[in-house]
Amino acid sequence: MAKVIMVQGTTSNAGKSFLAAALCRIFKQDGYSVAPFKSQNMALNSFITDEGLEMGRAQVMQAEAAGIKPSVRMNPILLKPTGDTGSQVIVNGKVRGDMTARAYFAMKRTLIPDIMEAYNSLAAEHDIIVIEGAGSPAEINLRKDDIVNMGMAELVDAPVLLCGDIDRGGVFASLYGTVALLQPEERARIQGLVINKFRGDVEILRPGLDMLEDLTHIKVAGVIPYLRLDLDDEDSLTERFTRKNGPSLIDIAVIRLPRISNFTDFNPLEQIQQASLRYVSTVGELGDPDVILLPGTKNTMDDLKWLRTCGLEAAILKHASAGKPVVGICGGYQMMGSHLSDPDGVEAGGEIRGMGLLPSETVFMGGKTRTRVTGEIVGGEGIFAGLRGTPFFGYEIHMGKTTSELGSLTAIDDGTGRRPDGLFAGNCWGSYVHGIFDKAEMARAFVNCLLRAKGLDENAESVDWEAHKEQQYELLAENVRASLDMDHIYKMLNKTL
């Protein structure tokens, strides 16, 4: 059976996902077979496995760091928020249903057998399991039914690394306060404290580190520097949304929808030197970009209403009427059509007028499409005529069917044969394929089309996204290994403390 270590945090976005990924890569470098695990993940960034099952992207990123294929067993429960008080509940990669927070909390302990079956299956195949917690273990109102922090640690008898984010301030208080709020048996599981996202000279922290150890009787296992790495983010707490990029030849604006999902679709475009990518949520931020991207969303109809009320829809339509391109992926593609209807109440029910950029209609249905695909661009005109023949790969996750009398944008193969996908009209196009820019050839062709439209040289550099991510995992492991007491980490694994 595998050895196990768990990473918990004092808050959300304390760096748990990246620290777990770093440990996965470090253990891999040291010759071990390692797999990540998170019993319950709440995020709108998801991924489809080779088996057509849905899981959180954080564990996909960690699996890549571990050098293994993503498996839904690494994230047996995925919660995709549908509003402020409810989520779509996905168990072992399949939709179980939409539930209010109260209904889910009342039943979630019944999912422990699913969690343990997934965990034990992974533990039988690997030397080490790196578990990631969620939020904070000191959410004392949730302690009774916890299945993701100390509750999970107890189920598998895992030692815990507790990390805090010094960049947001108050890290000593957050670490000490978290430990103080735990039950004695829970405190005993924490065998290392980690300060994350530090900028400066570690020696300046030394008096505080010593005092923290005296107060908690827990070793500070490391201080990890603030790392500027390009890795997939778990959720909308990402710093990408507020990052200010310098000017480039091509200005790409992504609309930051309230329920934005799978914004990782656009990460490869950030690596092309000739392009800058930014996220906008107001008309004032939009400016005059070369292309507007409409991303996926967990609730297409409500986010379309938001675009309408905040004035962004009018700004996007003005942009398109000037002959400038608009591109939509999944929910963004659905919005661009002429009409959307939800007869079965999959989202909020009813009907709504679309943006009218594409002559299509979308009907939401109860069944969710989940599949990996390969394909090529077979349509496109105007600015994007140069995309024709470009290959891509990706995956589909959507509830709804879109139809049109016009020709399709792409021909895709999901293992059952080629079929049409997407739509184009003038300089606007949309597709259901997430990850469509991950293949270097597609990202390069897309930016070259925009360069050509401005009369510039079509010299967008090729970006091997997979190789780029590998480089980032190596840099992550190098910096974290240098910052952690790895002897202590291995003692935790072997439970010899």
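Up top you'll find the structure we're talking about.
My aim in this report is to walk through the structure given alongside it, one point at a time. The structure presented is a predicted model; accordingly, all values stated were derived computationally and were not measured.

Broken down by element type, the protein carries 15 helices and 28 strands. Over its C-alpha trace the protein gives a radius of gyration of 23 Å, about what one expects of a compact globule, namely 23 Å for 497 residues. By its C-alpha atoms, the protein is 65 × 50 × 40 Å across when sized along the principal axes. In the protein, of all internal contacts separated by at least 6 residues, the share reaching a separation of at least 24 is 73%.

With that settled, the discussion passes to the packing of aromatic side chains. Applying the stated criterion across every chain yields a total of 13 aromatic pairs. Between the aromatic rings of Tyr333 and Tyr432, the centroid separation amounts to 5.1 Å while the plane-to-plane angle is 80°, which identifies the pairing as edge-to-face. Note that Tyr333 is positioned in helix α12 (residues 331-335) and Tyr432 in the loop between β28 (428-431) and α13 (440-453), a separation of 99 residues in sequence. Here the two residues Tyr333 and Tyr432 agree in accessibility, since each one is buried. Three or more aromatic residues joined by ring pairs form one cluster here, namely Phe266, Phe384, Trp429, Phe437 and Phe446.

In an α-helix, one turn spans 3.6 residues, which is why side chains three or four residues apart end up on the same side. An ideal rise of 1.5 Å per residue puts 27 Å on 19 residues; helix α14 (residues 465-483) measures up with 27 Å between its terminal C-alpha atoms. Along α14, the positions that sit buried rather than exposed are Trp465, His468, Lys469, Gln472, Tyr473, Leu476, Ala477, Val480 and Ser483.

A few words on the sheet that holds strand β22 (residues 369-377). The antiparallel open sheet is built from four strands, whose spatial order is β23-β22-β25-β26. The strands lining the two open edges of the sheet, one partner per strand, are β23 (391-398) and β26 (418-421). Recorded for the sheet is a direction-independent mean angle of 40° between the axes of neighbouring strands.

With that settled, the discussion passes to the sheet that holds strand β19 (residues 339-342). Pairing is mixed across the open sheet formed by four strands, whose spatial order is β20-β19-β21-β24. Strands at the two margins of the open sheet, each flanked by one partner only, are β20 (350-353) and β24 (401-403). Direction aside, neighbouring strands of the sheet carry axes that sit 15° apart on average. Pairing of β19 with β20 involves four bridges; the strand directions are antiparallel. By the bridge assignment for β20, Ser341 is matched with Glu351.

We now examine the packing of helix α2 (residues 57-66) against α14. The geometry of α2 relative to α14 is characterised by a closest axis approach of 10 Å and an angle of 80° between their N-to-C directions. Classified by the interaxial angle, the pair formed by α2 and α14 is roughly perpendicular. Across the interface between the two elements, Met61, Glu64 and Ala65 from α2 touch Lys469, Glu470 and Tyr473 from α14.

For the rest of this paragraph, the subject is the state of the cysteines. Across all of its chains, the model carries zero disulfides by this definition. Between Cys24, a free cysteine, and Cys163, which holds the nearest cysteine sulfur, the sulfur-to-sulfur gap is 14 Å. We classify Cys24 as buried; its relative accessible area is 0%. The exposure class assigned to Cys163 is buried, which follows from its relative accessible area of 0%.

With that out of the way, let us pick up unusual backbone geometry. In this structure, His217 is a non-glycine residue whose phi angle is positive, near 60°. By the element assignment, His217 lies in the loop between α8 (206-216) and β12 (220-225).

We now examine the pattern of salt bridges. Inspection of the entire model under this criterion finds 29 salt bridges. Among the ionic pairs, Glu132 bridges to Lys38, the shortest N-O distance being 3.3 Å. Here Glu132, found in strand β9 (residues 128-132), pairs with Lys38, found in the loop between β2 (34-37) and β3 (40-42); they are 94 residues apart in sequence, far enough to count as distant. Among the residues examined, Glu132 registers a relative accessible area of 1% and is labelled buried.

Let's shift gears to the pairing of β26. Here four bridges tie strand β25 (residues 410-413) to β26, and the two strands are oriented antiparallel to one another. When the sheet's bridge partners are listed, Thr410 is paired in β26 with Asp421. Connecting β25 to the next strand, β26, in antiparallel fashion are four residues, including Gly415 with a positive phi near 100°.

About the thresholds
- Residues numbered from 1 in each chain as written.
- Predicted model: local features only at pLDDT ≥ 70, side-chain atom pairs only at ≥ 80, totals over all residues.
- Heavy atoms only, no water.
- Helix = DSSP H or I, 4+ residues; strand = E, 2+ residues; numbered from the N terminus.
- Rg over C-alpha atoms; globule rule 2.2 N^0.38 Å.
- Contact = heavy atoms within 4.5 Å.
- Phe/Tyr/Trp six-rings, centres within 6.5 Å; stacked < 30°, edge-to-face > 60°.
- Buried < 20%, exposed > 50% of the residue type's maximum accessible area, 1.4 Å probe, protein only.
- Expected span 1.5 Å × (residues − 1).
- Pairing = 2+ DSSP bridges.
- Axes fitted to C-alpha atoms, helices over the stretch in contact; angles between N-to-C directions.
- Parallel < 35°, antiparallel > 145°, perpendicular 65-115°, else oblique.
- Disulfide = S-S within 2.5 Å.
- Salt bridge = Lys/Arg side-chain N within 4 Å of Asp/Glu carboxyl O.

No statement about biological role is implied by the geometric values presented.
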